[in-house]
Amino acid sequence: MALLFDKQTSRWLLQGKNVSYGLGVDQNGTLKHLYFGSKLPFVSDLPDVNTAIHHSSFEPSGGILQQEYPAWGGMYYYEPCLKATFSDQVRDTRLVYKEHRINEGAQSDELVIVLKDTHYPLLVHLHYRLFPEHDIIERHAVIENIGQDAITLEQALSGTWHAPRGDRYRLTHLAGKWIEETQIYQDEITPGKKTIESKRGNTGVQANPWFAIDRGTADEDQGEIWFGALGWSGNWKITVEYNPFKLLQVSGGVHDFDFSWHLEGGKSFQTPVFSGGYTRGGFGQASRNFHQYQREHVLPKPIADGVRPVLYNSWEATYFDVNEQGQTALAEKAAAIGVELFVIDDGWFGERHHDRAGLGDWTVNPEKFPNGLKPLIDKVESLGMKFGIWVEPEMVNPDSELYRNHPDWVYHFPNRPRTESRNQLVLNVGKPEVQAFMFESLDKLLSENSIYFVKWDMNRSFSEPGWLDAPKEIQKEIWVRHAQGLYDIIARLREKHPHVAFEACSGGGARIDLGIMRLTDEVWTSDNTDPYDRLYIQEGYSLAYNAQAMMCWVADSAKWVKNRPTPVAYRFHSSMMGSLGIGGNLTQWSEEDLEESRHWIAEYKLIRHIVQKGNQYRLLSPRAGNTTAVQYVSHDQTESVLFALKYPQKFGNPSPKVYLRGLKEDALYNVTDIEEPVSGSALMFRGIDLNLYDDNASKMIKINEVKA
Ligand code: DGJ
């Protein structure tokens with residue numbers, strides 16, 4: 001990381017490829033934000049750290065200062081990052097600069113600025129790690145109690161981002177519901193505060209922990225964008241606050257709702273990572289920078305370096321009716337069309353004949369698999385595929401051996417019902433004995449069977465979050481301890497079984513965030529596998545997250561939306577824009593459809609490195625018209641692939657035209673459907689006609705540089 005520091009004026013400038021981030025200490029010792037935007041060459045380009053807005057005696061300056069990590073204390077009224085109560089019941093925190101250091105890292109150096117309370121033994125270590133090639137900064141805070149007496153943290157966010165003082169700002173964010181995940185919303189920002197959040201225990205579908213800010217005029221190709229995402233899979237919040245002085249701040253981290261953390265003497269609390277970026281290249285460049293950062297620095301290595309295999313998942317084919325014979329029949333069909341990883345979903349364990357029983361009993365059901373999983377796994381392997389399995393380890397059905405033996409292992413309150421959702425309760429993952437059980441059951445499963453893939457599901461939000469046998473002062477820590485326990489268990493399983501890839505799933509796409517992506521190789525995007533609906537879901541997802549981690553199944557025609565059948569090619573083209581999976585009941589597919597599927601899977605294998613690893617360009621949005629077009633370009637710009645899908649044809653409109661992106665202007669490219677090679681300039685500026693005329697027409701266009 002290029003880091004410039006001017007000792008005399010106490011200012012730092014972090015330098016990315018195209019971005020600078022400046023901060024400094026003012027005469028009162030306050031750590032102030034100075035700049036986040038297009039690259040500035042010199043520290044002296046930063047504003048004077050002591051300039052301040054002075055309004056009137058009615059407006060305390062604390063709120064007008066852009067503080068890097070504001071604590072609640074004095075006359076500070078905006079969103080604080082830190083709110084603490086000291087042992088003498090003082091609830092006012094004053095942070096000033098203490099020192100800074102550089103931690104040298106293999107991938108990137110880290111600036112750590114240490115703040116201290118002016119009186120109490122409290123330190124806050126602010127970590128900044130900049131990835132210059134992606135113009136992305138990771139921030140987190142470590143709050144340390146260096147005294148003897150405990151300090152109670154009531155709010156401990158990861159950090160606050162600031163935009164320059166500006167007249168007009170717009171927020172873009174992702175929201176939705178089950179089967180309508182990651183929909184794009186854009187709102188003008190007016191004075192006041194908007195919070196996107198989850199208080200459900202998991203990341204949630206109602207909002208996703210990603211945001212983007214622009215000046216109201218940015219589009220895919222141009223405009224300043226400040227954006228970021230939280231790496232956290234428990235309760236979270238991101239607050240966007242704009243004040244009458246035209247200052248905009250975005251604060252985020254672990255949700256303070258029903259939260260407190262008992263920070264004992266000598267202990268630290270580490271916040272989740274809040275990753276942020278800036279670009280002048282519009283939403284498209286913001287996404288591409290973020291995608292590449294995720295592939296290189298977030299997704300787990302070394303699996304992330306490879307491409308994701310083509311997967312088959314049996315959920316929509318058999319639901320809970322899983323058995324050796326039925327799965328073998330599906331495996332044979334899957335192998336014949338080119339699938340590389342065969343995954344059995346819910347229903348293989350305990351008394352799991354429906355969603356009312358069995359969760360928690362992670363032993364193979366002997367009626368369904370009389371000789372265990374081995375015969376099926378052997379069959380799958382003999383067909384040339386790897387085997388994967390579904391689990392939901394954080395949950396229990398009351399009708400299970402686990403619950404009968406350990407009714408106290410779930411979150412609950414006395415005098416209150418244990419509210420069931422999908423007939424299940426949430427295990428208290430904060431409890432060491434629950435963690436031990438989860439790890440041991442999964443370790444056993446992975447050790448005794450040749451398993452290469454785990455789909456880790458989580459199918460309900462929390463309720464009655466009680467843990468009454470824990471000391472009183474840590475009871476509100478469950479929200480954080482649950483996510484920490486989850487991360488720790490997956491990390492230990494990965495360490496012991498490094499060949500196993502993981503998929504995060506939560507009743508569809510309720511666990512899509514950068515925290516889980518550090519531990520899982522892919523995420524389940526949505527239970528909605530309708531190829532048209534998916535275009536919207538996948539577009540929203542792609543604003544924030546990379547295509548490699550986005551699992552997309554080809555399902556049976558008209559599976560989710562009755563009376564909306566779609567051709568095989570259309571379903572494939574929709575799913576080939578991410579990590580390809582097949583989720584239909586292949587035993588019901590016609591020979592022609594299977595043959596066509598075999599063709600598209602073979603095609604996908606030829607281009608998947610471009611889709612999964614390349615730069616993504618959203619050329620036509622499903623929100624804007626009746627055609628979606630998404631292009632992927634390899635980093636060396638020699639290969640590209642474009643997917644275009646139309647639905648429905650309207651008003652006799654002509655076939656849409658697209659202007660490609662990301663190619664070399666002077667290079668010649670061969671393009672599917674075009675006889676003569678054409679230049680990158682022609683493809684980008686003259687454009688190409690998609691020749692899509694009918695409802696459900698779709699195509700994949702390959703663009704390859706002519707080799708000299
Ligand atoms: C919800 C998931 O999103 C589905 O894909 C499937 O795995 C079911 N759970 C199984 O119960």
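Values in this document were obtained by computation on a predicted structure and should not be read as measured data. (Residues numbered from 1 in each chain as written. Predicted model: local features only at pLDDT ≥ 70, side-chain atom pairs only at ≥ 80, totals over all residues. Heavy atoms only, no water.)

## Description of the sheet that holds strand 33 (residues 639–646)
Strand order in the open sheet formed by six strands is 31-32-33-38-35-36, and the pairing between neighbours is antiparallel. Two strands in the sheet have a free side with no partner beyond their single neighbour: strand 31 (615–620) and strand 36 (674–679). Averaged over neighbouring strand pairs, the angle between their axes works out to 20° when direction is ignored. Pairing of strand 33 with strand 38 (residues 698–705) involves seven bridges; the strand directions are antiparallel. In the strand pairing of strand 38, Val641 is matched with Lys702. Against the sheet, helix 10 (residues 531–544) makes contact with strand 31, strand 32 (627–633) and strand 33, and its axis sits at roughly 135° relative to strand 31, the strand it touches most. (Pairing = 2+ DSSP bridges. Helix = DSSP H or I, 4+ residues; strand = E, 2+ residues; numbered from the N terminus. Axes fitted to C-alpha atoms, helices over the stretch in contact; angles between N-to-C directions. Contact = heavy atoms within 4.5 Å.)

## Focus on the domain arrangement of the chain
Domain annotation of the chain identifies domain 1 (2–297), domain 2 (303–520 + 549–613) and domain 3 (627–705). Computed over C-alpha atoms only, the centres of domain 1 and domain 3 are separated by 40 Å. (Domains from an automatic or database assignment.)

## Points about the site of the ligand
Taken together, 13 residues surround the ligand, and among them Asp345, Asp346, Lys455, Asp457 and Asp527 come closest. The contact in question runs from an oxygen atom of the ligand to an N or O atom on the side chain of Asp346, over 2.6 Å. A distance of 2.7 Å separates a nitrogen atom of the ligand from a polar side-chain atom of Asp457. Burial of the ligand by the protein chains amounts to 98% of its free accessible area of 290 Å². Its residues assigned to classes, the shell around the ligand shows four nonpolar, three polar and six charged. (Near = heavy atom within 4 Å. Polar contact = N/O pair within 3.5 Å; in protein donor to acceptor, adjacent residues only side chain to side chain. Areas by Shrake-Rupley, 256 points an atom, 1.4 Å probe, with all protein chains shown as cover. Nonpolar A, V, L, I, M, F, W, Y, C, P; charged D, E, K, R; others polar.)

## Quick notes on the pairing of strand 26 (residues 453–456)
Residues of strand 26 alternate between two faces, with Phe453 and Lys455 on one and Val454 and Trp456 on the opposite face, all of them buried. Two strands pair when backbone bridges link them, and strand 23 (residues 386–391) and strand 26 are joined in this way by four bridges, in the parallel orientation. Bridged to Gly388 within strand 26 is Phe453. Here strand 26 runs beside strand 27 (residues 501–504); their pairing, made up of four bridges, is parallel. Bridging from a neighbouring strand, Trp456 pairs with Ala504 of strand 27. Handedness of the strand 26-helix 8 (residues 478–496)-strand 27 crossover: right-handed. (Buried < 20%, exposed > 50% of the residue type's maximum accessible area, 1.4 Å probe, protein only. Right-handed = clockwise from strand over helix to strand, strands pointing away.)

## A few points about the pairing of strand 31
Within strand 31, five of the six residues are buried, leaving the element largely enclosed by the surrounding structure. Pairing of strand 31 with strand 32, which is carried by five bridges, proceeds in the antiparallel orientation. Along strand 32, the bridge assignment pairs Leu620 with Ala629. Joining the antiparallel neighbours strand 31 and strand 32 is a turn of six residues.

## Considerations on the sheet that holds strand 4 (residues 31–38)
Sheet architecture is open: four strands sit in the order 1-2-3-4, paired in antiparallel fashion. Looking at the sheet topology across the chains shown, the edges are occupied by strand 1 (2–6) and strand 4. Sheet twist, expressed as the average angle between the axes of neighbouring strands with direction ignored, equals 15°. Relative to strand 3 (residues 19–25), strand 2 (residues 11–15) runs antiparallel, the two being bridged by five bridges. When the sheet's bridge partners are listed, Leu13 is paired in strand 3 with Gly22.

## Re the packing of helix 7 (residues 432–448) against helix 8
Put simply, helix 7 and helix 8 touch, their axes get as near as 10 Å, and they point 30° apart. By the criterion of interaxial angle, the relationship of helix 7 to helix 8 is roughly parallel. Relative to helix 8, helix 7 is oriented so that their crossing is right-handed. Contacts between helix 7 and helix 8 involve Gln435, Met438, Phe439, Leu442, Asp443 and Leu446 from the first element and Gly485, Asp488, Ile489, Arg492, Leu493 and Lys496 from the second. Split into classes, the residues belonging to the contact of helix 7 with helix 8 amount to six nonpolar, two polar and four charged. (Parallel < 35°, antiparallel > 145°, perpendicular 65-115°, else oblique. Left-handed = near helix turned anticlockwise from the far one by under 90°.)

## Some thoughts on the environment of Lys699
One can find Lys699 in strand 38. Sequence separation of Lys699 and Ala644 is 55 residues, and the distance between their C-alpha atoms is 5.4 Å. Once residues within four sequence positions are removed from consideration, Lys699 is found in contact with His573, Leu642, Phe643, Ala644, Asp673, Leu690, Asn691 and Leu692.

## Focus: the environment of Lys702
Along the chain, Lys702 turns up in strand 38. Judged by relative accessible area, Lys702 falls into the partly exposed class, the value being 23%. Taking C-alpha positions, Lys702 is 37 Å from Arg494, a pair spaced 208 residues apart along the chain. Those residues in contact with Lys702 that lie beyond four places of it in its chain are Glu603, Leu606, Ile607, Ser640, Val641, Asn670, Val671 and Thr672. Looking at Lys702, its side chain comes within polar contact range of the side chain of Glu603, at 2.8 Å.

## Thoughts on the pattern of salt bridges
Evaluation of the coordinates by the stated rule reveals 44 salt bridges. Taking the shortest distance from any N to any O, the salt bridge between Glu224 and Arg215 comes out at 2.7 Å. Judged by its relative accessible area of 23%, Glu224 is partly exposed. Asp355 is the salt-bridge partner of Arg422, the closest N and O atoms lying 3.9 Å from each other. Residue Arg422 is found in the loop between helix 6 (401–405) and strand 25 (425–426), and its partner Asp355 is found in the loop between strand 22 (341–344) and helix 5 (374–382); the two are separated by 67 residues along the sequence. Taken together, the shared-partner salt bridges connect Glu79, Lys193, Lys237 and Asp256 into one network. (Salt bridge = Lys/Arg side-chain N within 4 Å of Asp/Glu carboxyl O.)

## Some details on helix 12 (residues 591–613)
Here helix 12 is 23 residues long and its end C-alpha atoms lie 33 Å apart, about the 33 Å a rise of 1.5 Å per residue gives. For helix 12, the full list of buried residues reads Leu594, Ser597, Trp600, Ile601, Glu603, Tyr604, Ile607, Arg608, Ile610, Val611, Gln612 and Lys613. (Expected span 1.5 Å × (residues − 1).)

## With respect to unusual backbone geometry
With an omega dihedral of 0°, the bond running from Lys301 to Pro302 counts as a cis peptide bond. As for its position among the elements, Pro302 is in the loop between helix 2 (282–298) and strand 21 (311–313). Looking along the chain, the bond that leaves Tyr647 and enters Pro648 is cis, with omega of -20°. Looking at the secondary structure, you find Pro648 in the loop between strand 33 and strand 34 (657–658). Phi at Asn415 is positive, roughly 65°, even though this residue is not glycine. Within the secondary structure, Asn415 is located in the loop between helix 6 and strand 25. Backbone geometry places Phe651, a non-glycine residue, at a positive phi of 55°. Secondary-structure assignment places Phe651 in the loop between strand 33 and strand 34. The class for Phe651 is exposed, based on a relative accessible area of 74%.

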